[in-house]
Amino acid sequence: MLRLQSATSPAWLEKVRAHLPDVLIDHAHCEKKAAGTAMNLIFAHVDRPDVVRDLADIVVEELEHFRLVLDLIERRGITFRRQRPSSYGQRLHALARTLEPGRTIDRLLIAALIEARSCERFAVLRDGIGDAELAAFYGSLFESEARHHATYVQLATRFRPEEEVRRRLDELAAEEARIIAAGDEPARMHS
Ligand SMILES: [Fe+2]
Ligand SMILES: [Fe+2]
C-alpha cells in the first residue's frame, strides 16, 4: 500500500531509543516541514481548485500534528529547538526533474514517499518503542500519514496518466530505499 521498497532496520529503533529527545524534536520539525511542503504546492497550483483543496486539508492536519508533537515534548520536559536537518529530504528533493510536467509529478511523489516512510516508521515506533504514551501517539498518527501518502499519489494522477505516475513512483521509491539504507545521521525520524 505504501509503495516503499525497503523496511526499516531494527538498528534504527535502537538509535531512536538511545536518542529519544533528538528524535522527538526532529519529528516536530518533520510535521512543520510537511505542512510547509503542502503549502508550497498550494502556491504552485492556485489555478487548480481540485488540487488545492486536498492540499489545504493536508496543511491543516500536519499543523495539528506539529502542535501535538510540541505538546508531547513539552510534557516530557524537552525544549523544542533548531536542529540541523537530516540529509534525507534534501537528497530526495534533488531527484526532482526540473522541467514540467515532470517537476510537478516528482514533487508530489517525493512528498508521497516521505509520508510513506513516516507512516512505516510510526508503525515501528508503535509496535517497538516500549513506551505506552508514545506507542499510542504513533498509533494515532499512522492512519493520517497513510492517507496523505495515498492523496499525494492520487494528486499526481490528476496531472499525468496513472501508468506513468506508477512507473515514476517505483523509480523514486528505489532511490528512497537507497537513501534510507545509506542513512548516516545520528538519530532522526528519517535517517
Ligand atoms: Fe503528519
Ligand atoms: Fe503527513
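Throughout what follows, the structure given in this document is the object of discussion.

Pairing between side chains becomes possible if they bear opposite charge and their charged atoms approach one another. According to the stated counting rule, one finds 20 salt bridges in the structure shown. A salt bridge links Asp-106 to Arg-97; the nearest nitrogen and oxygen atoms lie 2.9 Å apart. The exposure class assigned to Arg-97 is partly exposed, which follows from its relative accessible area of 34%. The partner of Glu-175 in a salt bridge is Arg-178, with the nearest N and O atoms 2.9 Å apart. Pair noted here: Glu-175 and Arg-178 are both in helix H7 (residues 162–181), with a separation of three residues, about one helical turn. Using a relative accessible area of 27% as the deciding quantity, one classes Glu-175 as partly exposed. Take Arg-178: its relative accessible area is 51%, and that puts it in the exposed class.

We now examine the nonpolar core. In this structure, Leu-55, Leu-109 and Tyr-152 are the most contacted members of the largest nonpolar core, which totals 34 residues. At ten residues, the largest contribution of residues to this core is made by helix H5 (residues 102–128). With residues up to four places along the chain from it excluded, the contact list for Leu-109 reads Val-153, Ala-156, Val-165, Arg-168, Leu-169 and Leu-172. Listed in part, the 24 residues of the second largest apolar core include Leu-125, Phe-137, Leu-141 and Ala-187.

Here we come to the coordination of the iron ion (ligand 2). Taken together, the protein ligands of the iron ion (ligand 2) are Glu-62 (OE), Glu-115 (OE), Glu-115 (OE), Glu-145 (OE) and His-148 (ND1), with distances of 1.8 to 2.7 Å. The metal-metal distance between the iron ion (ligand 2) and the iron ion (ligand 1) comes to 3.4 Å, with Glu-62 coordinating both. Remark: Glu-115 occurs in helix H5 and Glu-62 occurs in helix H3 (residues 49–75); sequence separation between them is 53 residues. Both residues of the pair, Glu-62 and Glu-115, belong to the buried class.

For the rest of this paragraph, the subject is unusual backbone geometry. The linkage connecting Glu-100 with the following residue, Pro-101, adopts the cis geometry, with an omega of 5°. As for its placement among the helices and strands, Pro-101 is situated in the loop between helix H4 (87–93) and H5. In the Ramachandran plot, Arg-3 falls in the positive-phi region, its phi being about 60° despite a non-glycine side chain. Inspection of the secondary structure assignment puts Arg-3 in the segment before helix H1 (10–18). Of the residues examined, Arg-3 reaches a relative accessible area of 28% and is grouped as partly exposed.

Taking 1.5 Å per residue as the helical rise, H5 with its 27 residues ought to reach 39 Å, and the 38 Å between its terminal C-alpha atoms agrees with that figure. Following H5 by one or two positions, Gly-130 has its phi on the positive side, about 70°.

Further remarks concern the coordination of the iron ion (ligand 1). Binding of the iron ion (ligand 1) to the protein goes through Glu-31 (OE), Glu-62 (OE), His-65 (ND1) and Glu-145 (OE), at separations of 2.0 to 2.2 Å. Bound by four donor atoms, the iron ion (ligand 1) shows angles of 88 to 141° at the metal and therefore irregular coordination geometry. Written as a sequence motif, the donor residues of the iron ion (ligand 1) are E-x30-E-x2-H-x79-E. We classify Glu-31 as buried; its relative accessible area is 3%.

The next thing to look at is the packing of H5 against H7. For the pair H5 and H7, interaxial distance at closest approach is 10 Å and the crossing angle is 50°. Here H5 is positioned oblique relative to H7, judged by the angle of their axes. For the pair H5 and H7, the sense of crossing is right-handed. When H5 is examined against H7, the residues Ile-105, Asp-106, Leu-109, Ile-110, Leu-113, Arg-117 and Arg-121 are found in contact with a partner set consisting of Val-165, Arg-168, Leu-169, Leu-172, Ala-173, Glu-176 and Ile-180. For the contact of H5 with H7, the per-class residue count stands at nine nonpolar, no polar and five charged.

What counts, and at which threshold
- Residues numbered from 1 in each chain as written.
- Chains lettered and ligands numbered in written order.
- Predicted model: local features only at pLDDT ≥ 70, side-chain atom pairs only at ≥ 80, totals over all residues.
- Heavy atoms only, no water.
- Salt bridge = Lys/Arg side-chain N within 4 Å of Asp/Glu carboxyl O.
- Buried < 20%, exposed > 50% of the residue type's maximum accessible area, 1.4 Å probe, protein only.
- Helix = DSSP H or I, 4+ residues; strand = E, 2+ residues; numbered from the N terminus.
- Core = buried A, V, L, I, M, F, W, Y, C linked by side-chain atoms within 4.5 Å.
- Contact = heavy atoms within 4.5 Å.
- Donors = N, O, S within 2.8 Å, 3.2 Å for Na, K, Ca; no water.
- Expected span 1.5 Å × (residues − 1).
- Tetrahedral: all angles 85-135°; square planar, octahedral: opposite > 155°, others 65-115°.
- Axes fitted to C-alpha atoms, helices over the stretch in contact; angles between N-to-C directions.
- Parallel < 35°, antiparallel > 145°, perpendicular 65-115°, else oblique.
- Left-handed = near helix turned anticlockwise from the far one by under 90°.
- Nonpolar A, V, L, I, M, F, W, Y, C, P; charged D, E, K, R; others polar.

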